[in-house]
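Residue-level structural notes
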Amino acid sequence: MRLIVDGKPTEIDADPDMPLLWTLRDLAGKTGPKFGCGVAMCGACTVHVDGMPVRSCVLPVGNVDGEIVTIEGLAQGGKLHPVQQAWLEEQVAQCGYCQAGQIMSAAALLDQVADPTDDDIDAAMSGNLCRCGTYPKIRAAIRKAAALKTARI
């Protein structure tokens, strides 16, 4: 099957029932999305399909119809995405395992809501778990990313 992954057409020989996560990791070499729970409860596997955050651990690759963006493809033109930049500036990551999924969910939120409220952030990020408990830093980074994104426009 033919997929568009991080802007590049990619030929994949996969069973259509194979979860997108394993297709990306094992066949396309994209190791940013992580396996966390396998039942779409933790968000570590979050990628974008046509700009929407999806849990790739439960999405069969045969059901994907649209461009896939992983954490590896979020930066554009050699510049970090505003969410990635804010994550660094706010020093969000501790262990870092969940961070790719957190960043992908935050980026999708900011694509929909330019200046999110705390309620917007909580709703958008509710499906992403962080065992290190960096939630206050995550919220601060999302606010900073919103400001950075606005400044780039």
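What comes next concerns the included structure. In this text, all values refer to a predicted model and were calculated from it rather than measured experimentally.

Here we look at the overall build of the chain
Looking only at helices and strands, the chain has five helices and five strands in total. Along the chain, from the amino end to the carboxyl end, the secondary structure elements read β-β-α-β-β-β-α-α-α-α. For 153 residues, the compact-globule estimate of 2.2 N^0.38 gives 15 Å, and the chain sits close to it at 15 Å. A buried classification covers 42% of the 153 residues belonging to the chain. Of the roughly 7800 Å² of accessible surface on the chain, 53% is carried by carbon and sulfur atoms. If you average the places of the 14 positive and of the 18 negative side-chain charges in the chain, the two averages end up 8 Å apart.

A look at the packing of aromatic side chains
Aromatic ring pairs are defined here through the distance separating the ring centres and the angle between the ring planes. Applying the stated criterion across every chain, the model contains one aromatic pair. A centroid spacing of 5.5 Å and a plane angle of 35 degrees characterise the contact between Trp 22 and Phe 35, whose relative ring orientation is tilted. You can see Trp 22 sitting in helix H1 (residues 20-27) and its partner Phe 35 sitting in the loop between H1 and strand E3 (46-49), a full 13 residues away along the chain. You can call Trp 22 partly exposed: its relative accessible area is 28%.

Re the side chain of Asp 6
Inspection of the secondary structure puts Asp 6 in the loop between strand E1 (2-5) and strand E2 (8-11). A polar side-chain atom of Asp 6 sits 3.5 Å from the main-chain amide nitrogen of Gly 73. Ignoring any residue separated from it by four or fewer positions in sequence, one finds Asp 6 in contact with Lys 30, Glu 67, Ile 68, Val 69, Thr 70, Glu 72 and Gly 73.

What to know about the packing of helix H2 (residues 82-89) against helix H5 (residues 135-152)
Between H2 and H5, the shortest axis-to-axis distance is 8 Å and the interhelical angle comes to 130 degrees. It follows from the interaxial angle that H2 and H5 lie oblique. You can see that H2 and H5 cross each other, and the crossing is right-handed. For the pair formed by H2 and H5, the contact residues are Pro 82, Val 83, Gln 85, Ala 86, Trp 87 and Glu 89 on the first element and Ile 138, Ala 141, Ile 142, Lys 144, Ala 145, Leu 148, Lys 149 and Arg 152 on the second. In terms of residue class, the contact of H2 with H5 is made up of nine nonpolar, one polar and four charged.

Remarks on H1
Since there are 3.6 residues in each turn of an α-helix, residues three or four apart along the chain are aligned in direction. Residues of H1 that are buried: Leu 20, Leu 21, Thr 23 and Leu 24. Structurally, H1 contributes buried residues whose contacts are with E1, E3 and strand E5 (68-69). Just beyond H1, the residue with positive phi is Gly 29, at close to 75 degrees.

Some points on the pattern of salt bridges
Considering all chains together, one arrives at eight salt bridges under this definition. In this structure, Glu 90 engages Lys 144 in a salt bridge whose closest nitrogen and oxygen atoms are separated by 3.1 Å. Residue Glu 90 is located in the loop between H2 and helix H3 (99-112), and its partner Lys 144 is located in helix H5; the two are separated by 54 residues in the primary sequence. You can call Glu 90 partly exposed: its relative accessible area is 24%. When the shortest N-O distance is used, the salt bridge between Asp 118 and Arg 143 registers 2.4 Å.

The rules behind the values
Residues numbered from 1 in each chain as written. Predicted model: local features only at pLDDT ≥ 70, side-chain atom pairs only at ≥ 80, totals over all residues. Heavy atoms only, no water. Helix = DSSP H or I, 4+ residues; strand = E, 2+ residues; numbered from the N terminus. Rg over C-alpha atoms; globule rule 2.2 N^0.38 Å. Buried < 20%, exposed > 50% of the residue type's maximum accessible area, 1.4 Å probe, protein only. Areas by Shrake-Rupley, 256 points an atom, 1.4 Å probe, with all protein chains shown as cover. Lys, Arg positive; Asp, Glu negative; His and termini not counted. Charge placed at Lys NZ, Arg CZ, Asp CG, Glu CD. Phe/Tyr/Trp six-rings, centres within 6.5 Å; stacked < 30°, edge-to-face > 60°. Polar contact = N/O pair within 3.5 Å; in protein donor to acceptor, adjacent residues only side chain to side chain. Contact = heavy atoms within 4.5 Å. Axes fitted to C-alpha atoms, helices over the stretch in contact; angles between N-to-C directions. Parallel < 35°, antiparallel > 145°, perpendicular 65-115°, else oblique. Left-handed = near helix turned anticlockwise from the far one by under 90°. Nonpolar A, V, L, I, M, F, W, Y, C, P; charged D, E, K, R; others polar. Salt bridge = Lys/Arg side-chain N within 4 Å of Asp/Glu carboxyl O.

Geometric descriptors of this kind do not, in isolation, establish any biological role.
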